[in-house]
Amino acid sequence: MIAIAKPWLGEEEKKAVNQVLSSGMIACGAVTSEFEQAFAAYIGAQHGIATTSGTTALEVALRALKIGKGDKVLTTPFSFIASTNAIVYVGATPVFADIDESTFNLSPKAIEKALEQHPDIKALLIVHLFGQPCDMDAIMKIVKAKGLLLIEDCAQSHGALWNGKKAGSFGDVSAFSFYPTKNMTTTEGGMVLTSDETIAKKARMLINHGMQVRYYHDEIGYNYRMTNMAAAIGLCQLKKLDSFNAKRQETAAYYNANIKNPLMETPASYEKGAHVYHQYTVKIREDKRDAFIAHLDQNGIGYGVFYPLSIPEQRCYIPLGINTPCPVTDLVKKQVVSLPVHPQLTAQEAEAVAQCVNSFRG
Ligand SMILES: *Cc1c(COP(=O)(O)O)cnc(C)c1O
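Residues numbered from 1 in each chain as written. Predicted model: local features only at pLDDT ≥ 70, side-chain atom pairs only at ≥ 80, totals over all residues. Heavy atoms only, no water.

Asker: Any chance you could explain the overall build of the protein here in plain terms?
Answerer: Helix and strand content of the protein: eleven helices and 15 strands. Over its C-alpha trace the protein gives a radius of gyration of 20 Å, about what one expects of a compact globule, namely 21 Å for 362 residues. Out of the 362 residues belonging to the protein, those deemed buried represent 56%. Look at the contacts in the protein between residues 6 or more apart in sequence, and 72% of them connect residues 24 or more apart. For the protein, the computed accessible surface area is about 15,800 Å², with 53% contributed by carbon and sulfur atoms. The distance from the centre of the 35 positive side-chain charges to the centre of the 35 negative ones in the protein is 2 Å. (Helix = DSSP H or I, 4+ residues; strand = E, 2+ residues; numbered from the N terminus. Rg over C-alpha atoms; globule rule 2.2 N^0.38 Å. Buried < 20%, exposed > 50% of the residue type's maximum accessible area, 1.4 Å probe, protein only. Contact = heavy atoms within 4.5 Å. Areas by Shrake-Rupley, 256 points an atom, 1.4 Å probe, with all protein chains shown as cover. Lys, Arg positive; Asp, Glu negative; His and termini not counted. Charge placed at Lys NZ, Arg CZ, Asp CG, Glu CD.)

Structure, rendered in structure tokens:
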């Protein structure tokens, strides 16, 4: 069986966790601070606030920007549900714009259209889906022209670049996830990044029960602190992130050159972007997807369907009545299949995947 995802933990991580265990300082502490600084520096942001997950990082990012009840936040219908959940957690209203059919990211044209229909939109929450940065030239132009706040969901794009600049360094705030299947892990974990000191201070307070002075609570916050144990793993993983991503890119280049099947399309990438392939996602003719998945199953090849439904059509969102027509998303969700591209995949395994994909006749 070739797995769709496989976290890569080595002796360094074990040693680092053991050191934390021996120190007795196992909760949030100096190792967490060190990881925050190292990760923020890597992405190119001034401040990092480590959290318990990518989901809590997104929630804190929005609250730190004072987005709440009555505010509209434009986002993508084609993502993991946490991107939209965070908007709902803070009491704001999600507005959906459609995606681009070749990159799966928010379409700048669709963003502009949504802004015409909802001129009171306050912020954009963009997702660099599958490891590919959004078209940041077009998005920054819109953000500046309309005076919008920008939140980047970088849960799938650690190290991705647009024009040489890292995803997560464009927005007012960005949020990362370190879940085991992501490009790097801390077990569970996340981080808020910003270069604005006021936002950083507010985020720091929020993750620690609204407290700056011990047991004086200025607002109702949370316990979203990352432990030293998780951060110790994160520090080791951060050192390996570039090599992990290089492996993913190497496998993706191999697939791009060697997957040849008239029923499917390999993923497109922007010329100005560096895609870090959190997922390698092909599109297959809609009427053939079930058979293709069965074919992968029979041959012991792991796969994922990210995502089978758009977010607004999920059962939990139906009562909110926020579904807007997104025809491209509705088409793409029936075509996508993600293939194994994790960094531990061997050349022989990649060859087996490509051969299996090419042998599918429908
Ligand atoms: C994984 C993910 C999240 C949530 O991160 P968790 O650490 O699992 O809470 C948010 N957005 C996207 C796009 C994700 O892929």
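Asker: Would you take a moment to explain helix α7 (residues 197–206) for this structure?
Answerer: One turn of the α-helix equals 3.6 residues, which is why residues spaced by three or four share an orientation. For α7, the full list of buried residues reads I199, A200, K202, A203, M205 and L206. Residues of α7 that are buried in the fold lie against β1 (47–51), α3 (54–64), β8 (173–177), β9 (190–194) and β10 (211–213).

Asker: Sorry, what's going on with the sheet that holds strand β2 (residues 72–75) here?
Answerer: Working definition: the strands of a sheet are paired by backbone hydrogen bonds and lie parallel or antiparallel to each other. With mixed pairing, seven strands are arranged side by side in an open sheet as β1-β9-β8-β5-β4-β2-β3. Each edge of the sheet is formed by a strand with only one pairing partner; in this case those strands are β1 and β3 (93–96). On average, adjacent strands in this sheet sit at an angle of 25° to one another, irrespective of strand direction. (Pairing = 2+ DSSP bridges. Axes fitted to C-alpha atoms, helices over the stretch in contact; angles between N-to-C directions.)

Asker: Would you mind showing me how to read the sheet that holds strand β14 (residues 280–284) here?
Answerer: Read from one edge of the open sheet, three strands run β12-β14-β15, paired in antiparallel fashion. Of all strands in the sheet, those with a lone pairing partner are β12 (264–265) and β15 (336–339), marking the two edges.

Asker: For this particular structure, what's the right way to read the nonpolar core?
Answerer: Soluble globular proteins tend to pack their nonpolar side chains together in the buried interior. Among the nonpolar cores identified, the biggest contains 36 residues, and L62, I67, F78, L125 and I151 are the most heavily contacted of them. Of all the secondary structure elements, the ones that give two or more residues to this core are α3, α4 (82–89), β4 (121–127), β8 and α7. For this core, the element with the most residues is α3, which contributes six residues. With near-sequence residues (within four places) excluded, L125 lies in contact with L58, L62, V73, L74, T75, T76, S83, I87, L106, I151 and D153. (Core = buried A, V, L, I, M, F, W, Y, C linked by side-chain atoms within 4.5 Å.)

Asker: Can you walk me through the packing of aromatic side chains in this structure?
Answerer: Each aromatic ring pair is described using two quantities: the centre-to-centre distance and the angle formed by the ring planes. Inspection of the entire model under this criterion finds 17 aromatic pairs. Both rings, one in F39 and one in F176, keep their centres 4.9 Å apart while their planes meet at 80°; by these two values the pair is edge-to-face. A residue pair is termed long-range when its members are at least 10 positions apart, and F39 in helix α2 (residues 30–43) and F176 in strand β8 qualify at 137 residues. Accessibility classification places F39 together with F176 in one group, the buried group. Relative to Y255, the ring of Y254 lies with its centre 6.3 Å away and its plane at 55°, an arrangement referred to as tilted. (Phe/Tyr/Trp six-rings, centres within 6.5 Å; stacked < 30°, edge-to-face > 60°.)

Asker: Any chance you could explain the environment of R361 here in plain terms?
Answerer: On the secondary structure map, R361 appears in the segment after α11 (347–358). In the structure, R361 is positioned 170 residues away from M191 in sequence and 44 Å away in space, judged by C-alpha atoms. Those residues in contact with R361 that sit more than four places away from it in its chain are N261 and L263. One polar contact links the side chain of R361 to the main-chain carbonyl oxygen of N358, over a distance of 2.9 Å. (Polar contact = N/O pair within 3.5 Å; in protein donor to acceptor, adjacent residues only side chain to side chain.)

Asker: What is the right way to read the pairing of β1 from this model?
Answerer: Remark: a regular strand shows side chains that alternate across the two faces of the sheet. When you tally the buried positions in β1, you get four out of five residues, the bulk of the element. Both β1 and β9 contribute to a ladder of five bridges, which runs antiparallel. Across the sheet, I49 pairs through a bridge with V192, a residue of β9.

Asker: Looking at this structure, how should I read the site of the ligand?
Answerer: The full set close to the ligand counts 15 residues, and G54, T55, D153, S177 and K182 are the nearest of them. In this structure, D153 approaches the ligand through a side-chain N or O atom, which is 2.7 Å from a nitrogen atom. Here S177 contributes a side-chain N or O atom positioned 2.7 Å from an oxygen atom of the ligand. Expressed as a share of its isolated accessible area of 380 Å², the protein-covered part of the ligand is 93%. More than half of the atoms of the ligand fall within 2 Å of the grid points belonging to the largest pocket. For the shell around the ligand, the elements supplying multiple residues, two or more each, are α3 and α4. Ranked by the residues each element gives to the shell around the ligand, the list is headed by α3, at three residues. Classifying every residue of the shell around the ligand by side-chain character gives five nonpolar, eight polar and two charged. (Near = heavy atom within 4 Å. 1 Å grid on protein atoms, 1.4 Å probe; cavity = no way out; pocket = protein on both sides within 12 Å on 5 of 7 lines; lining within 4 Å. Sits in = over half its atoms within 2 Å of the grid points. Nonpolar A, V, L, I, M, F, W, Y, C, P; charged D, E, K, R; others polar.)

Asker: Explain the side chain of N228 to me, please; I cannot follow it from the model alone.
Answerer: Following the sequence through the fold, N228 ends up in helix α8 (residues 228–258). Overall, the relative accessible area of 4% leaves N228 in the buried class. A distance of 3.0 Å separates the side chain of N228 from the backbone nitrogen of G29, its partner in a polar contact.

Asker: Help me out: how do you make sense of the pairing of β15 in this one?
Answerer: With burial as the criterion, each face of β15 is covered, one bearing V336 and S338 and the other bearing V337 and L339. The pairing of β14 with β15 spans four bridges and is antiparallel. Counted as the bridge partner of K283 is V336 from β15.

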